[in-house]
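Listed below are the residues making up each chain.
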Amino acid sequence: MKVDVLLGLQWGDEGKGKIVDVVTPNYDIIGRFQGGPNAGHTLIFEGQKQVLHTIPSGIFRSNTVNLIGNGVVIDPITLKAEILELEEKGVDVSKNLLISKKAHLILPTHKVLDKYSEEQKGKAKIGSTLKGIGPTYMDKTGRNGIRMGDTSSPKFKDKYDSLVTKHKKMLGDYEYQSLLSEVEKDWFEALDFLKKVPLIDSEHYINQAINDGKKILAEGAQGTLLDIDFGTYPFVTSSNTVTAGTCTGLGVAPNKIGDVIGIFKAYCTRVGSGPFPTELDDEVGENIRKIGHEYGATTGRDRRCGWIDLPALKYAVMINGVTNLSMMKADVLDTFETIQVCTHYIIDGETYDYLPYDIVSTEVTPVYTELKGWNKDLTALRSMDDAPKEFLDYIKYLEGELNVPIGIVSVGPDREQTIIRN
Ligand code: GDP
Ligand code: IMO
Ligand code: MG
């Protein structure tokens, strides 16, 4: 069997967690391939809500194995907290969670470095979640990182001390001691706690599973426009959030990639700094935020809201080789008389129907097409046969523009509020 991929096509928070949870019964293994606790994936079912940061969103289905792949960066403190929360809800994580030996560790000093880096940038800050993601990936590519597999080595403490010494030199006279004193103890305790989760050679495990005909889904974090190579650089995260990230982040060969499910909202949001051509700094944007509860699942920050952006979505479809789309949060637009869709940008008097190299330092004016809203409550919709015409028109229009079928439509946060079209 080939490995299917599910990932975000916008700036994250598209609803990936919800759809992974919905489709998990079709899979034997769910694997995260990049990112870390900067992610916040929300699952809602049977009246309970769970936000997952590092653990894959298949964890509530007891027959599914959940793998934290080599491309993920792990903060033992947040992972321990996440496991404890799940255990309180009766999920026996030690039975169906695995961690790659090659996943890198986020040290307490990585988080301090993240904060320091953002403070140094001042107004140009990325708006990082401050979870230590950037500094950890920097140490990984700089060949200084520490991996989960190192924790059992007798040299582990030496490695840790030597990396921390390096970090302290980088921090100079920045006041870091108060940020570290308590945390370091908790960090080592959490690492000890994590010993109950098996550490494995995950690339062998995945490839064996592929050969054995197991069904595998790779779960992306963040979104395509936050990708380190293809996102709105430098306002991005520090990993490859796109389909190719599955190959490096789980050890899956490119010819073993199957379907690619691209998740997008019926509008668009972004949290943190950086360009957002269709952002609405007005009452309409505020309405979307309120109706859609657009507040960060990890940091609680207001998410910036705006209309759907086709040039950016088309780019994301291309980069990821998307074969199937899932449209989320259509219900948030239920009360809108009209819906705007950005079809082009105007930059320096020129019209663009694609995402150009630089939308960071130039003024981008979005050009919109107006579609009629459906003006009906979609939250109880369970079959497209009962869908309002204007809603069907919206879907048809987007499918025509993106040239990919919308196989799943989500009309509310609950697992049940999902319509599978194909
Ligand atoms: P992720 O990071 O991509 O998993 O997405 P988040 O969990 O950060 O953000 C998505 C938010 O939208 C969560 O609060 C979900 O519960 C919620 N959500 C998901 N799908 C829908 C939907 O179709 N309608 C509404 N109203 N909310 C949704
Ligand atoms: P999920 O998986 C939305 C954003 C941050 C910031 C930038 C860099 O829930 O969709 P980082 O902490 O990675 O250095 O932050 O990326 N960001 C996200 N935005 N959803 C996420 O994850 C995000 N993870 C990081 O807000 O702008
Ligand atoms: Mg999220």
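This section reports on the structure supplied with the text.

Conventions used here
Sequence order as written defines the numbering, with residues in each chain counted from 1. Chains carry letters from A onward and ligands carry numbers from 1 onward, assigned in written order. Restriction of local features to residues with pLDDT of at least 70 applies here, the model being predicted, together with a cutoff of 80 or more for giving and counting side-chain atom pairs; totals for whole chains, interfaces and linings are based on all residues. As a convention, hydrogens and water are excluded, and side-chain values are obtained from all of the structure's heavy atoms. The cutoff for a nearby residue is simple: one of its non-hydrogen atoms must lie within 4 Å of the molecule or strand. In protein, a polar contact means a hydrogen-donor-capable atom and an acceptor-capable atom, both N or O and within 3.5 Å, with residues adjacent in sequence counting only if both atoms are side-chain atoms; elsewhere, any N or O pair within 3.5 Å suffices. Note on areas: Shrake-Rupley, 1.4 Å probe, and residue coverage restricted to the protein chains presented here. A run of H or I in DSSP becomes a helix once it reaches four residues, and a run of E becomes a strand once it reaches two; helices and strands are each numbered from the N terminus. Side-chain classes are defined by residue name, with Ala, Val, Leu, Ile, Met, Phe, Trp, Tyr, Cys and Pro counting as nonpolar, Asp, Glu, Lys and Arg as charged, and the others, Gly among them, as polar. Donors, by definition, are the N, O and S atoms found within 2.8 Å of a metal, the threshold being 3.2 Å for Na, K and Ca, and water is not counted, so a site can look incomplete. The classification of residues rests on relative accessible area computed with a 1.4 Å probe and restricted to protein chains. Under 20% of the type maximum is buried, over 50% is exposed, and intermediate values are partly exposed. Residues belong to one nonpolar core when they are buried, are Ala, Val, Leu, Ile, Met, Phe, Trp, Tyr or Cys, and are joined through side-chain atoms within 4.5 Å. Between two residues, a contact is recorded if the distance between any of their heavy atoms is within 4.5 Å.

## What to know about the site of ligand 1
- Neighbouring ligand 1 are 20 residues; Gly15, Lys16, Thr42, Asp331 and Ser410 lie closest to it.
- One of the side-chain N or O atoms of Lys329 is found 2.9 Å from an oxygen atom in ligand 1.
- Between an oxygen atom of ligand 1 and a main-chain N or O atom of Gly412, the distance comes to 3.0 Å.
- Here ligand 1 has 580 Å² of accessible area as a free molecule, and 93% of this is covered by the chains.
- Of all the secondary structure elements, the ones that give two or more residues to the shell around ligand 1 are α1 (16–23) and β3 (41–45).
- Taken together, the residues of the shell around ligand 1 sort by class into six nonpolar, seven polar and seven charged.

## Examining the site of ligand 2
- The full set close to ligand 2 counts 20 residues, and Asp13, Lys16, His41, Thr129 and Thr237 are the nearest of them.
- Take Gly40: an N or O atom from its main chain is 2.9 Å from an oxygen atom of ligand 2.
- His41 has a polar side-chain atom sitting 2.7 Å from an oxygen atom of ligand 2.
- For ligand 2, whose unbound accessible area comes to 550 Å², protein coverage reaches 97%.
- Class assignment for the residues of the shell around ligand 2 results in seven nonpolar, ten polar and three charged.

## Comments concerning the coordination of the magnesium ion (ligand 3)
- For the magnesium ion (ligand 3), the full set of protein donor atoms is Asp13 (OD) and Gly40 (O), and the range of their distances to it is 2.1 to 2.2 Å. Pair noted here: Asp13 is in the loop between β1 (3–8) and α1 and Gly40 is in the loop between β2 (29–32) and β3, with a separation of 27 residues, a long-range link.
- We classify Gly40 as buried; its relative accessible area is 12%.

## Here's the deal with the nonpolar core
- Leu9, Phe264, Leu325, Met327, Phe391 and Tyr394 are the most contacted members of the largest nonpolar core, which has 56 residues in total.
- With five residues, the single largest contributor to this core is helix α12 (residues 389–402).
- Excluding residues that lie within four positions of it along the chain, Met327 makes contacts with Phe264, Ala266, Phe391, Tyr394, Ile395, Leu398, Ile406, Ile408, Val409 and Ser410.
- Counting residues in each nonpolar core, the second largest holds 30 residues, with Phe45, Ile55, Val91 and Leu107 among its members.

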